[in-house]
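# Structural features, examined
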Amino acid sequence: PKKSSGLVEIAHNNSQRLINIVNDILDLEKIGSGRIKFRFDARDAVRMVKSALTANKGFAGEHDVRFNLVECDGIAPVRADEERIAQVMANLLSNAAKFSNAQSDIEISIARKNGSVIVSVQDHGPGIPDEFKNEIFNHFTQLDSSSSRENSGTGLGLPISKALTEGMGGKIEFETKVGVGTTFFVSFPEVKEP
């Protein structure tokens, strides 16, 4: 019945959030114990990024933002685990969507530099205050931890993304300016020619 459908939807959404939290905690435990497994192969970075944008398009719509991919030619394949890159990209894209102003564009670009492929995700949100810059990759770090905060999350996405990226031989960094926005850079090693 109509009267119950709203309650069922709330229960379903809360169940999904709990599943995501449990999965994040399980991933952290696997990473911490060294039991996380990677399936490395030569992967097309542009295709993987496009796939991540498609998979997270609904999330962008919920937050009234748009993902804008800057096309890049001549990008070499990367040595990575496609499933883990999708997980890293989902975390970065969802954070960018949550913290961007409504009706803004989130720019995603791909570039080559010094034997790496670098994917950048740039939002136009509040930026990261100086006091949080050194903690941003710590477990459970949230810029607004009050019970009334607008953007839900566990504070586990960035630590997981960092661990996964480093596990694939890459690195994750960011640049931020308060009141302007934040750009995260994730780099992965190019596949060397035989």
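Attention here is on the structure that accompanies the text. (Residues numbered from 1 in each chain as written. Predicted model: local features only at pLDDT ≥ 70, side-chain atom pairs only at ≥ 80, totals over all residues. Heavy atoms only, no water.)

### A few points about the packing of helix 2 (residues 45–55) against helix 4 (residues 82–99)
For clarity, the threshold we go by: To get an axis, a line is fitted to the C-alpha atoms, and for a helix only the part in contact is used. The angle between two axes follows their N-to-C directions and goes from 0 to 180 degrees. Note on conventions: DSSP H or I runs of at least 4 residues are helices, E runs of at least 2 residues are strands, and numbering of each starts at the N terminus. Each angle is binned into one of four classes, with values under 35 degrees roughly parallel, values over 145 roughly antiparallel, values of 65 to 115 roughly perpendicular, and all other values oblique. Two helices that cross are described as forming a left-handed crossing if the nearer one is turned anticlockwise from the farther one by less than a right angle, and a right-handed crossing if clockwise. Any two residues whose heavy atoms approach within 4.5 Å are treated as being in contact. Classes in brief: Ala, Val, Leu, Ile, Met, Phe, Trp, Tyr, Cys and Pro nonpolar; Asp, Glu, Lys and Arg charged; the others, Gly included, polar.
Interaxial distance between helix 2 and helix 4 falls to 9 Å at its minimum, and their mutual angle equals 50 degrees. Judged by the inter-axis angle, helix 2 sits oblique to helix 4. Pair helix 2 / helix 4 crosses with right-handed handedness. Listed contacts from helix 4 to Arg 47, Met 48, Val 49, Ala 52 and Leu 53 of helix 2 are Glu 82, Ile 85, Met 89 and Leu 93. Looking at the contact of helix 2 with helix 4, its residues break down into 7 nonpolar, no polar and 2 charged.

### With respect to the side chain of Thr 183
Condition: For every residue, the accessible area obtained with a 1.4 Å probe (protein chains only) is divided by the maximum for its type, and the residue is called buried under 20%, exposed over 50%, and partly exposed between those limits.
Note that Thr 183 resides in strand 7 (residues 181–189). For Thr 183, a relative accessible area of 12% corresponds to the buried category. If we ignore the near neighbours within four places in the chain, the residues touching Thr 183 are Ser 120, Val 121, Gln 122, Glu 173, Phe 174 and Glu 175.

### A look at helix 5 (residues 157–167)
For helix 5, the complete set of buried residues consists of Gly 157, Leu 158, Pro 159, Ile 160, Ser 161, Leu 164 and Thr 165. Just downstream of helix 5, Gly 169 is the residue with a positive phi angle, here 80 degrees.

### Comments concerning helix 2
The criterion, for reference: What the arc describes is the spread of directions from the helix axis to the C-beta atoms. A 3.5 Å cut-off defines polar contacts: any pair of N or O atoms within that distance qualifies, except that in protein one atom must be a possible hydrogen donor and the other a possible acceptor, and neighbouring residues in sequence count only when both atoms are side-chain atoms.
Inspection of helix 2 places Ala 45, Val 46, Met 48, Val 49, Ala 52 and Leu 53 among the buried residues, and these make up the whole buried set. Buried residues in helix 2, looked at end-on, bunch into an arc of 165 degrees, giving them a common side. Exposed and facing more than 90 degrees away from the buried side of helix 2 are Thr 54 and Ala 55. For helix 2, the N-terminal cap is Asp 44; the gap from its side-chain oxygen to the backbone nitrogen of Val 46 is 3.0 Å.

Coordinates in, geometry out; function isn't part of it.
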